Every structure is written in structure tokens, then in C-alpha cells.
Amino acid sequence: MSATRNPGFPRRRLLKGAAAGAVAAGAGTVAAAAPATAAAPAAGPADATADGVTFRWFGTSGWRVDTGARTLLVDPYLTRFPTGLFTKPFRAATPLTTDEDLVTEHIGHPELVLVTHSHWDHFNDVPFIAASTTAQIVGTETTYHLLRAYGVDPARIIVVRGGEVLDFGGYAVQVVSARHSRNGAHGYFAPGTLHGTAVPPRPETIADLPEGDTLAFHVSFDGGPSAFFMGASDFSERDTTGLRPDVAMIAPPTSTSTRDYVPRLLAALGNPRVLVPVHWDNFETPLTEPPQRDPAVDWDAFLGQVHATAPRSGVVLPAYLTPYRFG
């Protein structure tokens, strides 16, 4: 993969969802009459209205979601340091670092953090968030052990594996067993899990963060939309079928290793009303710049499959840190 400053999106098929909350109605047409509408920019949860759920994309598969005065985060990776992944050569020994001021600026006051898996582009900033807030963290056993290595109180870590339905009063989180994205050789970076009772050494480099199994989350807000959050471009069809979210944050594939990925995923989810592509950007560029796409994503093929499978679904291409409502 290499970075590019010209996203080259198929403009007749996809509209940016920036401040106007624009939506592509299916893959072959565009429309501004959106099931998604933009909310006024907000500095923190106190600015969110009580009658809506506001979503902000952090890039990669990261989200901040505000419902009333309550905030939850999904895969909140904001630091975005260079590893050579997009520019080559890739450096697995890249030291882990967190831009604490940047993270603090954008996360608000979260009460819950959902972690799909433990690779650095999903987990890196979570230990600082745990240390600087009172949030509980939901993740796999591997995520649990990594957080223990950073000194996080185990009482604040909710270990899940898929199938749990957690009621937080005002919203519920259904944990979904998922799978990690596959490369062209049918493998993926840094597989592995952490088990047992011993606290592992504190991670120092990105190679110290194994995947640790992958989850997805289906969050249902009382009186609001339900949202499906993916952290990678593969899934368990059996575990996903029947969820029926209103809006689905889905990762486009970066290879053809998973057969019929898009049509199987959308059919399992019941062709959601709004689809929001995630994890398609170069996550080593600053959030102050427009998103640069991962050139491994074949947008024509992806959108063609979306249109063929779910022609009535709207597609929103999110902008960084921009508030949206899908109501």
C-alpha cells in the first residue's frame, strides 16, 4: 500500500457526507435528500441534544457517539503516527506513542469504550483514555491483558467474546463475534491472543499488540437509531445474520480473499438504510487533513456490489470529526 493525495472516488456513485450530511442513494445515483443529517459542531457531550444521537468519525474504524450528555467511543485511535505501512518500508518495531492533548481534545467524557481488536490502529490510545477518564472498556481477553499491562483496574474492563447483550440503561450493546481483514495471501498482520492470569509486559512497539480475536458491536439507542460497528473487513455470517441495524459502519475489502464479502455482509445485516464505509483511509495522516484513501480499496467494485445487493441503501462517506445524525 502507498499513500495518495488524490482519493479518486467514483464521484457519480458516492457523495461525501461532510457538513451537509450528503448521501448516495444506492451506488448508481446520488441524492441530497438524506436519511443522514449533519448536526451542529459540538465541543463535548454537553452540547449534544437530548433528542438525538450524534456520531463523529475518528478515522480508521474509530467513532465518538453522543446520546444526550452521555458519550461512548469505538476504537478511538487519534494519534495516527507513521509506521511506513502506506509509504514503505513498514516498521513493525515502531514505538507506541499517544498524543495526549489531541486525544483529550476530541474524546469528551466517555463512559464506555468498545474495542473491536487489539492492533495499534484500534487500541493504541485506549490505555491513555482509561487512565484519564472513568470509562469502562469492553473488549476481548487479549484487550483485557494488554490493559492490565498498562495498570488499568481490572474492575473497569468488561471481557466479552461475542453473543453478550449488555444493557447500559438508555442503550444496549450486543457483542458480535467477527473476523479480521484478510490480505491477498489470505492471512493478516500480527495474529495471536493473550490468555492466562499473569500480567504481560507493557507493550513498547506495534508488534507487541496482537489482534487477539476480532469483534463487532451492534448498539441500540432507546428512541434512536441502531448502529453496527465493524473494525475489520470480514465477519461471521452466522453471528451477524438478523441484526438489522439502521446504520452500518462497514469496512470495504482490501483484497478478494473473502468470497462474496459485500453481498453476504449486507444480506446478513438486512440491507441497512444507511451504510458508512470505515477503515478505508490512510490512518497515518493527521485528522486536520482530508482523508486519503487506501489504494488497496477498489471503490468501483465495492460500490457496484453495494448497489447490486442493497440498491435502496444510502452510502455516506464520512469526514473526520464531523458530527452526523442518522435519524
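Residues numbered from 1 in each chain as written. Predicted model: local features only at pLDDT ≥ 70, side-chain atom pairs only at ≥ 80, totals over all residues. Heavy atoms only, no water.

Draft legend 1. Layout of helix H1 (residues 100–107). Regarding H1, the residues found buried are Val 103, His 106 and Ile 107. An end-on view of H1 places all buried positions within 95 degrees of arc, on one side of the element. Set apart from the buried face of H1 by more than 90 degrees, the exposed residues are Asp 101 and Glu 105. Elements in contact with the buried residues of H1: strand E4 (53–59), strand E5 (62–67), strand E6 (70–74) and helix H3 (126–132). A positive phi of about 65 degrees marks Gly 108, the residue just after H1. (Buried < 20%, exposed > 50% of the residue type's maximum accessible area, 1.4 Å probe, protein only. Helix = DSSP H or I, 4+ residues; strand = E, 2+ residues; numbered from the N terminus. Arc of directions from axis to C-beta. Contact = heavy atoms within 4.5 Å.)

Draft legend 2. Structural view of the nonpolar core. Ranked by size, the top nonpolar core spans 87 residues in total, and within it Phe 55 and Trp 63 carry the most contacts. For this core, the leading source of residues is helix H6 (residues 261–269), giving six residues. When residues no more than four places from it in sequence are discounted, the contact partners of Trp 63 are Phe 55, Arg 56, Trp 57, Phe 58, Leu 72, Leu 73, Val 74, Phe 229, Met 249, Val 276, Val 278 and Pro 318. (Core = buried A, V, L, I, M, F, W, Y, C linked by side-chain atoms within 4.5 Å.)

Draft legend 3. Broad picture of the pairing of E5. For E5, the tally of buried residues reaches six of six residues, placing the bulk of the element in the interior. Covered by surrounding structure in E5 are Gly 62, Arg 64 and Asp 66 together with Trp 63, Val 65 and Thr 67, the residues of both alternating faces. Taken together, the six bridges between E4 and E5 define a ladder with antiparallel strand orientation. When the bridges of E5 are listed, Phe 55 appears paired with Val 65. (Pairing = 2+ DSSP bridges.)

Draft legend 4. Just the packing of H6 against helix H7 (residues 299–309), in detail. At their nearest, the axes of H6 and H7 sit 9 Å apart, and the two run at 40 degrees to each other. The angle between the axes of H6 and H7 places the two elements in the oblique class. Read as a crossing pair, H6 and H7 show a hand that is right-handed. Seen from H6, the contacting residues are Val 262, Pro 263, Leu 266 and Ala 267; seen from H7, they are Phe 302, Gln 305, Val 306 and Thr 309. Partitioning the contact of H6 with H7 into residue classes produces six nonpolar, two polar and no charged. (Axes fitted to C-alpha atoms, helices over the stretch in contact; angles between N-to-C directions. Parallel < 35°, antiparallel > 145°, perpendicular 65-115°, else oblique. Left-handed = near helix turned anticlockwise from the far one by under 90°. Nonpolar A, V, L, I, M, F, W, Y, C, P; charged D, E, K, R; others polar.)

Draft legend 5. A look at H7. Buried within H7 we find Trp 299, Phe 302, Leu 303 and Val 306. Looking down the long axis of H7, one finds its buried residues gathered within 90 degrees of arc, a one-sided arrangement. Taken together, the buried residues of H7 touch strand E15 (247–250), H6, strand E16 (274–277) and strand E17 (314–317). With a side-chain oxygen lying 3.3 Å from the backbone nitrogen of Asp 300, the N-terminal cap of H7 falls on Asp 298. (Polar contact = N/O pair within 3.5 Å; in protein donor to acceptor, adjacent residues only side chain to side chain.)

Draft legend 6. Structural view of the side chain of His 119. With respect to the secondary-structure elements, His 119 resides in the loop between strand E7 (112–114) and helix H2 (120–123). In this structure the side chain of His 119 is engaged in a polar contact, spanning 3.3 Å, whose partner is the side chain of His 180. Not counting the four nearest positions on each side in its chain, His 119 is found in contact with Asn 124, His 180, Tyr 188, Phe 189, Ala 190, Leu 209, Pro 210 and Glu 211.

It is worth stressing that arrangement in space is one thing and function is another; only the former is reported here.
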